[in-house]
Amino acid sequence: MSTDLVSRQCYRLLGRLVIYGGLVVLAAFYLMPLWVMAVTSLKSLDEIYGGSFIDFPKLVTFDAWAKAWGTACIGTVCDGLKPYFLNSILMVVPAVILSTAAGAMNGYILSKWRFRGANIVFGLLLFGCFLPFQVVLLPMAQLLGRLGIAGTIPGLIFVHTVYGITFTTMFFRNYFVTIPDELIKAALIDGAGFFRIFFSIMLPAALPIIVVSCIWQFTQIWNDFLFGVSFTSGEASPITVALNNIVNVTMGRKQYNVDMAAAMIAAMPTLVVYVVAGRYFVRGLTAGSVKG
Amino acid sequence: MSRSIPVKDRIGHFLPKLVLSPSLVFVFVGVYIFIAWTIWISLSSSRMLPKYDFVGLAQYVRLWSTPRWHTAVENLFIFTSLFLIVTILLGLFLAILLDQKVRAEGLLRAIYLYPMALSFIVTGTAWKWILNPSLGIQEVVNNLGWESFAFDWITSPTFAIYCVVIAAVWQSTGFAMAIFLAGLRGIDSSIIKAAQIEGAGLPRIYASIIVPMLRPAFLSVVVLLSYISIKSFDLVLALTNGGPGSSTEMPSTFMFTSTFRRDQMGVGAASAVMMLMTVAAIIVPYLYSELKEGGHEH
């Protein structure tokens with residue numbers, strides 16, 4: 001009996017060991033690229049070419065960061081990532097606000113002011129979430145040209161807002177569906193109108209999903225590359241396009257430290273958002289898989 | 001504020017639709033009209049600029065007789081199957097481990113998931129550096145004493161596509177894990193207890209009871225990962241730029257180069273339509289079933 005107990009405890013201990021061992025090894029695997037990016041960006045070029053890529057720098061230097069931010073060359077312009085970082089901010093802020101505002105309104109209407117065909121409309125919108133954007137690139141380029149905003153930041157804001165609305169509408173619609181209809185009916189009887197109900201009942205209750213929507217849109221738009229590379233060039237490019245251009249410079253000795261610093265700079269905003277509000281990020285991520 | 005009720009009723013009737021319509025118009029034009037427009041271009045003889053004539057399926061014939069497109073389709077097939085299998089197995093494994101009441105679960109989860117917050121361009125840049133044979137992993141292992149160790153897949157036309165798989169798996173596992181974990185948390189723990197009393201070991205319980213119960217999570221993961229893999233463009237561009245040669249070409253990069261770099265707009269549009277049809281074949285039934293079930297719930 002007692003040996004049985006001992007062996008069972010051994011078995012349990014072994015189980016815990018396997019569990020923690022697996023978790024730690026895999027955690028190391030997922031952290032490794034971030035570690036490599038960070039240490040490489042802090043090394044001098046000589047140390048990179050002379051040493052191991054995974055070691056901590058013998059001499060920490062921020063030269064690569066300064067260069068990536070301010071003086072690295074993209075094409076013939078040597079202003080670093082700074083102007084493109086600014087481009088991305090100028091693009092992402094209005095696009096997030098516009099798409100979230102429109103999504104909130106749409107979600108409110110599609111859940112609380114249902115009309116005949118509302119479900120079909122929602123289904124058609126939902127398909128837009130899964131659109132392979134290659135299929136709209138050509139017409140969109142034409143439209144942007146005709147609107148006179150081809151190759152500009154406002155053009156990108158427009159594109160990201162239009163395709164972002166599909167996601168934000170889904171977020172808000174699925175969230176508002178859970179708010180009881182009785183609340184709306186009571187407010188209607190009390191004389192509140194369409195907008196009044198939206199602003200004083202729905203919006204205050206929607207704070208979590210507003211955060212989810214903003215974070216999701218921010219991450220998507222900041223990380224977008226396809227629209228950026230298709231619709232802009234040169235000085236109007238967002239940061240992802242600029243990063244890719246810096247990395248693909250083929251002249252001279254490859255400056256891996258500058259590449260990694262540039263990658264870190266491009267990744268920083270979304271990483272910060274993830275660290276600060278990871279919970280909401282995960283909710284946005286899994287929203288595509290929950291039932292509508 | 002003392003409007004008569006009938007007027008207000010009438011306002012109430014059309015106001016929501018009025019408010020909804022502008023953004024709906026934009027989205028419907030941006031999605032459905034543009035799809036039709038692209039299909040139209042794919043049926044025309046457009047090369048550098050769009051030309052609105054009609055040449056039937058000529059561009060599709062050209063597309064399917066382009067060796068580069070065959071490479072792209074083959075790669076998509078290899079990439080999607082490997083990416084799905086590895087990501088799902090690894091994601092499920094992590095979710096099950098995390099579900100064993102471990103310490104620091106929040107921290108570990110955050111570590112597995114943070115790559116999802118990165119741009120594929122960042123991921124591609126990092127992995128390109130890690131996988132490069134002259135200074136990356138290969139060099140480190142060589143210096144440790146194992147001098148014959150070779151890991152130069154990224155420069156090999158045969159193996160470079162597996163590098164794309166590695167980076168994509170690294171980026172997306174956390175996503176699969178999050179969905180599986182949500183599924184696991186929804187399972188009644190008394191089922192596990194009952195099976196344990198019957199004498200079943202934990203691995204068996206998972207294999208024969210728990211995992212089958214995760215079917216809805218599997219469906220979601222498969223659909224969403226397939227979608228990610230079909231549209232994956234930035235990662236390929238940043239990691240291998242379609243090379244060496246055209247060995248890691250994918251439909252998405254093929255579409256881009258045909259349209260914007262090679263002045264073959266008609267072929268590019270045809271390839272985009274092929275991509276759309278592939279995505280639609282997966283997504284439409286999925287959305288239909290999700291919406292139908294959802295409808296029953298409310």
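Residues numbered from 1 in each chain as written. Chains lettered and ligands numbered in written order. Predicted model: local features only at pLDDT ≥ 70, side-chain atom pairs only at ≥ 80, totals over all residues.

Colleague: Would you mind showing me how to read the overall build of chain A here?
Modeller: Of the regular secondary structure elements, chain A holds 13 helices and zero strands. For chain A, the N- to C-terminal ordering of α and β elements is α-α-α-α-α-α-α-α-α-α-α-α-α. For chain A, the C-alpha radius of gyration of 25 Å lies well beyond 19 Å, the compact-globule estimate for 292 residues. Each of the three principal axes of chain A carries a C-alpha extent, and together these read 80 × 75 × 30 Å. Residue burial in chain A is summarised as follows: out of 292 residues, 47% are buried. Counting contacts in chain A only where the partners sit at least 6 residues apart, residues at least 24 apart contribute 76% of the total. (Helix = DSSP H or I, 4+ residues; strand = E, 2+ residues; numbered from the N terminus. Rg over C-alpha atoms; globule rule 2.2 N^0.38 Å. Buried ≥ 20, exposed ≤ 12 C-beta atoms within 10 Å, placed from the backbone. Contact = placed C-beta atoms within 7 Å.)

Colleague: Can you walk me through the overall build of chain B in this structure?
Modeller: Of regular secondary structure, chain B possesses 13 helices and zero strands. Mapped in sequence order, the helices and strands of chain B form the string α-α-α-α-α-α-α-α-α-α-α-α-α. The C-alpha radius of gyration computed for chain B amounts to 25 Å, which surpasses the reference 19 Å derived for 298 residues by more than 25%, pointing to a less compact arrangement than a globule. Here the C-alpha coordinates of chain B stretch approximately 70 × 60 × 35 Å along the principal axes. Of all 298 residues assigned to chain B, the portion counted as buried reaches 44%.

Colleague: Would you explain the nonpolar core in this entry?
Modeller: The nonpolar side chains of a soluble globular protein tend to be buried with one another. A:Leu243, A:Ala262, A:Ala263, B:Ala95, B:Val164 and B:Phe180 are the most contacted members of the largest nonpolar core, which totals 172 residues. When residues in this core are grouped by element, the largest group, 17 residues, is from helix α7 (residues 160-185) of chain B. Among the domains, domain 1 (3-62) and domain 2 (82-287) of chain A are the pair contributing at least three residues each to this core. Excluding residues within four positions of it along the chain, A:Ala263 makes contact with A:Met37, A:Leu243, B:Val122, B:Thr125 and B:Ala126. (Core = buried A, V, L, I, M, F, W, Y, C linked by C-beta atoms within 7 Å. Domains from an automatic or database assignment.)

Colleague: Where do I start with the interface of chain A and chain B in this structure?
Modeller: Put simply, an interface is often sized by how much accessible area is lost when its parts join up. Chain A puts 74 residues into the contact, and the matching count from chain B is 78 residues. At 14 residues, the largest contribution of residues to the side of chain A that touches chain B is made by helix α13 (residues 256-287) of chain A. Taken together, the residues of the side of chain A that touches chain B sort by class into 51 nonpolar, 21 polar and two charged. (Nonpolar A, V, L, I, M, F, W, Y, C, P; charged D, E, K, R; others polar.)

Colleague: Please clarify how the UniProt feature "transmembrane region" (unreviewed entry) in chain A should be interpreted in this entry.
Modeller: Residues given the UniProt feature "transmembrane region" (unreviewed entry) here are residues 17-36, 89-109, 121-141, 147-172, 193-218 and 260-282 of chain A. With 81% helix and 0% strand, residues 147-172 of chain A has its two end C-alpha atoms placed 30 Å apart. (UniProt positions renumbered as here; feature names shortened; annotations may be inferred.)

Colleague: Which parts of the structure should I look at to understand the confidence of the model for chain A?
Modeller: Any region with low pLDDT has predicted coordinates that should not be read closely. The predicted model of chain A averages 88 in pLDDT, with 97% of residues at 70 or higher. The lowest-confidence element of chain A is helix α2 (residues 45-50) of chain A, averaging 82 in pLDDT; the highest-confidence one is helix α4 (residues 82-112) of chain A, averaging 95. (pLDDT = per-residue confidence, 0-100.)

Colleague: Even after reading the chapter, I still don't get helix α12 (residues 251-261) of chain B, so can you show me in this structure?
Modeller: Turn by turn, an α-helix covers 3.6 residues, leaving residues three or four places apart pointing in a common direction. Burial of α12(B) is extensive: eight of the eleven residues sit out of reach of the surface. Listed as buried for α12(B) are B:Pro251, B:Ser252, B:Thr253, B:Phe254, B:Met255, B:Phe256, B:Ser258 and B:Thr259.

Colleague: It is not clear to me how the domain arrangement of chain A should be interpreted in this structure. Could you clarify?
Modeller: Residue and element names in this part refer to chain A. Domain assignment breaks chain A into domain 1 (3-62) and domain 2 (82-287). Here the C-alpha centre of domain 2 lies 35 Å away from the C-alpha centre of domain 1. Counting residues at the interface gives seven residues for domain 1, matched by eight residues for domain 2. Mapped onto the side of domain 1 that touches domain 2, the elements with two or more residues apiece are α1 (2-41) and α2. Looking at which element gives the most residues to the side of domain 1 that touches domain 2, the answer is α1, with four residues. Of the residues belonging to the side of domain 1 that touches domain 2, the class tally is four nonpolar, two polar and one charged.

Colleague: How should I be thinking about the environment of B:Ala238 in this particular structure?
Modeller: The residue B:Ala238 is located in helix α11 (residues 234-239) in this model. Put simply, B:Ala238 and B:Glu249 are eleven residues apart on the chain and 12 Å apart in space, counted from C-alpha to C-alpha. Apart from the residues within four sequence positions on either side, B:Ala238 is in contact with A:Asn244, B:Phe120, B:Ile121, B:Gly124, B:Thr125 and B:Lys128.

Colleague: Is there a simple way to explain the UniProt feature "transmembrane region" (unreviewed entry) in chain B in this structure?
Modeller: Residues and elements named next belong to chain B. Residues annotated by UniProt as "transmembrane region" (unreviewed entry) correspond here to residues 20-43, 76-98, 110-130, 159-184, 205-230 and 265-288. Annotated as 71% helix and 0% strand, the span residues 110-130 places its first and last C-alpha atoms 22 Å apart. Helix makes up 100% of residues 265-288 and strand 0%. Its end C-alpha atoms lie 33 Å apart.

Colleague: Please clarify how helix α7 (residues 153-176) of chain A should be interpreted in this entry.
Modeller: Compared with the 34 Å implied by 1.5 Å per residue over 24 residues, the 32 Å span of α7(A) between its first and last C-alpha is a close match. Among the 24 residues of α7(A), 22 are classified as buried, and the element is accordingly described as predominantly covered. (Expected span 1.5 Å × (residues − 1).)

Colleague: How do you make sense of the environment of A:Lys185 when you look at a structure like this?
Modeller: For A:Lys185, the location among the structural elements is in helix α8 (residues 181-189). Sequence separation of A:Lys185 and A:Lys112 is 73 residues, and the distance between their C-alpha atoms is 9.8 Å.

Colleague: Can you help me understand the UniProt feature "domain: ABC transmembrane type-1" (unreviewed entry) in chain B in this one?
Modeller: If you check UniProt for "domain: ABC transmembrane type-1" (unreviewed entry), the listed places come out as residues 73-288 of chain B in our numbering. Helix makes up 74% of residues 73-288 of chain B and strand 0%, with an end-to-end C-alpha separation of 27 Å.

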